[in-house]
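# Analysis of the macromolecular model
If you want the building blocks of each chain, they are given just below.
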Amino acid sequence: MMSTFQDRLRIPWRGGAKQISIDSALPIVLQPVLAYIAAQSVWCTVLVSLTMLFGMCYLYTVFVRFLPRTKFFFVWTLTSAILLLLVFEFNVVPFLEIMPHENCVLIGLVISSGICLYKVRTRAELNFVVHADMDEETELACSVCRRRVPPRTFHCLICQGCVVKRDQHCVWLDCCIGDKNHQLYVLGVLLSVGTLVYGAILTLTTVCHPSFYIMETVLLPDDCSDVYHDFT
Ligand SMILES: [Zn+2]
Ligand SMILES: [Zn+2]
C-alpha cells in the first residue's frame, strides 16, 4: 500500500508530473499545520519554535544516517518561502498600510535572493573534481574514493563526489557549497536575511499598534500583545 501511495504522490512540473517521495512531501503538510498551531497564542508560538528547532536537529541526524539524499530540508526551504510570501500578500497587504513601493522593494528582495540561491544550486555541479582532467603530478588523494584531487578538496558523502574547497553540504539548498558557488551562497544568505527582516518589520508594523520611528526613518512595532486575538 505504501509503495502505491508513493507512486501516486506526484506534483505538476514542466515536462510532466514529477514523483515526490513521502519524506520530501512531509514539509508541505507539516508547515501549514505548525503555522496554524503557532498562531493560537504566545506560548503556542514559543512551543512550536522550540519543537521545530530540536525536531530539525533530530531529523537531521536521522536523515544523515538512513536517508542522506532526502529532499526534506530543501522542500522545507521552498515551502517556508512560499508560505511566508502568501501570508504577506494575502493577509498583510490587504490592511492597506503598506505602500506600493515597500511591497515592490520586498518583492525585489525575494526575487534577487531566489535567483541567487537558484544559481548556487546550478553552479554546485562545477565544484566536483573532473578526474579525467587531473594533473598527474598531484600527489594528493581523496581519503574516501582514493582518486587524485587538487589541494583543499573534500569528499561529500551525500553528493558522492570530491568537492573543490568544500565548505559544507547545505541541506536547505540540497547541494554542496564549494569553490564555484561560495560567494553566491554568502550573497544569497545575506539577501535572504535582509528579505526576512524587512518582511517581518513590514508585517509587524502593520498588525501591531502603535508603532514608532527610530532615527525618523525606520518604523518599528511597539506593542504586539493583542495580535493573537485576531487569527488572520
Ligand atoms: Zn573523493
Ligand atoms: Zn554535498
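The following paragraphs examine the structure supplied in this document. Note that the coordinates shown come from a computational prediction; the quantities given were computed from them, not determined experimentally. (Residues numbered from 1 in each chain as written. Chains lettered and ligands numbered in written order. Predicted model: local features only at pLDDT ≥ 70, side-chain atom pairs only at ≥ 80, totals over all residues. Heavy atoms only, no water.)

Next up on the list: the coordination of the zinc ion (ligand 2). Around the zinc ion (ligand 2), the protein supplies Cys156 (SG), Cys159 (SG), His169 (ND1) and Cys176 (SG) as donor atoms, at distances of 2.1 to 2.3 Å. For the zinc ion (ligand 2), the 4 donor atoms in the first shell make angles of 102 to 116° at the metal, so the coordination geometry reads as tetrahedral. When the donors of the zinc ion (ligand 2) are listed by position in the chain, the intervening gaps give C-x2-C-x9-H-x6-C. Of this pair, Cys159 sits in the loop between strand S3 (153-156) and strand S4 (161-164) while Cys176 sits in strand S6 (residues 175-177), and the two are 17 residues apart along the sequence. In terms of burial, Cys159 and Cys176 fall into one category: buried. (Donors = N, O, S within 2.8 Å, 3.2 Å for Na, K, Ca; no water. Tetrahedral: all angles 85-135°; square planar, octahedral: opposite > 155°, others 65-115°. Helix = DSSP H or I, 4+ residues; strand = E, 2+ residues; numbered from the N terminus. Buried < 20%, exposed > 50% of the residue type's maximum accessible area, 1.4 Å probe, protein only.)

Within the structure shown, the criterion is met by 6 aromatic pairs. Connected via pairs of aromatic rings, a cluster forms that spans Tyr60, Phe63, Phe72, Phe73, Trp76 and Trp172. Taking the ring centre of Phe74 as reference, the NZ or CZ of Arg121 above it sits at 4.0 Å. (Phe/Tyr/Trp six-rings, centres within 6.5 Å; stacked < 30°, edge-to-face > 60°. Lys NZ or Arg CZ within 6 Å of the ring centre and 35° of its normal.)

Take the pairing of S3 next. Bridging between S3 and S4 involves 4 bridges; their strand directions are antiparallel. In the sheet register, Cys156 faces S4, and the bridge partner there is Gly161. Between S3 and S4, which pair antiparallel in sequence order, lie 4 residues; one of them, Gln160, sits at a positive phi of approximately 55°. (Pairing = 2+ DSSP bridges.)

This paragraph deals with the side chain of Ser24. Counting through the fold element by element, Ser24 comes out in helix H2 (residues 22-38). By relative accessible area, Ser24 is classed as buried at 5%. Ignoring any residue separated from it by four or fewer positions in sequence, one finds Ser24 in contact with Lys71, Phe72 and Val75. (Contact = heavy atoms within 4.5 Å.)

With that settled, consider the pattern of salt bridges. All told, the structure shown has 2 salt bridges when counted by the stated rule. Between Asp174 and Lys71 there is a salt bridge; the shortest N-O distance is 2.9 Å. Of this pair, Asp174 sits in the loop between strand S5 (168-170) and S6 while Lys71 is found in the loop between helix H3 (42-66) and helix H4 (72-92), placing the two residues 103 residues apart along the sequence. Under the relative-accessibility criterion, Asp174 is labelled buried at 14%. Residue classification places Lys71 among the partly exposed residues on the basis of a relative accessible area of 34%. Taking the shortest distance from any N to any O, the salt bridge between Lys165 and Asp179 comes out at 3.9 Å. Of the two residues, Lys165 sits in the loop between S4 and S5 while Asp179 sits in the loop between S6 and helix H6 (182-207), which places them 14 residues apart along the sequence. Exposure remark for Lys165: the relative accessible area of 39% places this residue in the partly exposed category. (Salt bridge = Lys/Arg side-chain N within 4 Å of Asp/Glu carboxyl O.)

Here Ala124 shows up in the loop between helix H5 (100-123) and S3. Residue class for Ala124 comes out buried when judged on its relative accessible area of 6%. The sequence separation of Ala124 and Lys180 amounts to 56 residues, and the corresponding C-alpha distance is 6.9 Å. Ignoring any residue separated from it by four or fewer positions in sequence, one finds Ala124 in contact with Cys175, Cys176 and Asn181.

Let us now look at the coordination of the zinc ion (ligand 1). The protein atoms donating to the zinc ion (ligand 1) are Cys142 (SG), Cys145 (SG), His155 (ND1) and Cys162 (SG), with metal-donor distances spanning 2.0 to 2.3 Å. Because the angles between the 4 donor atoms bound to the zinc ion (ligand 1) fall within 91 to 122°, the donor set is best described as tetrahedral. Written as a sequence motif, the donor arrangement for the zinc ion (ligand 1) is C-x2-C-x9-H-x6-C. A relative accessible area of 3% places Cys162 in the buried class.

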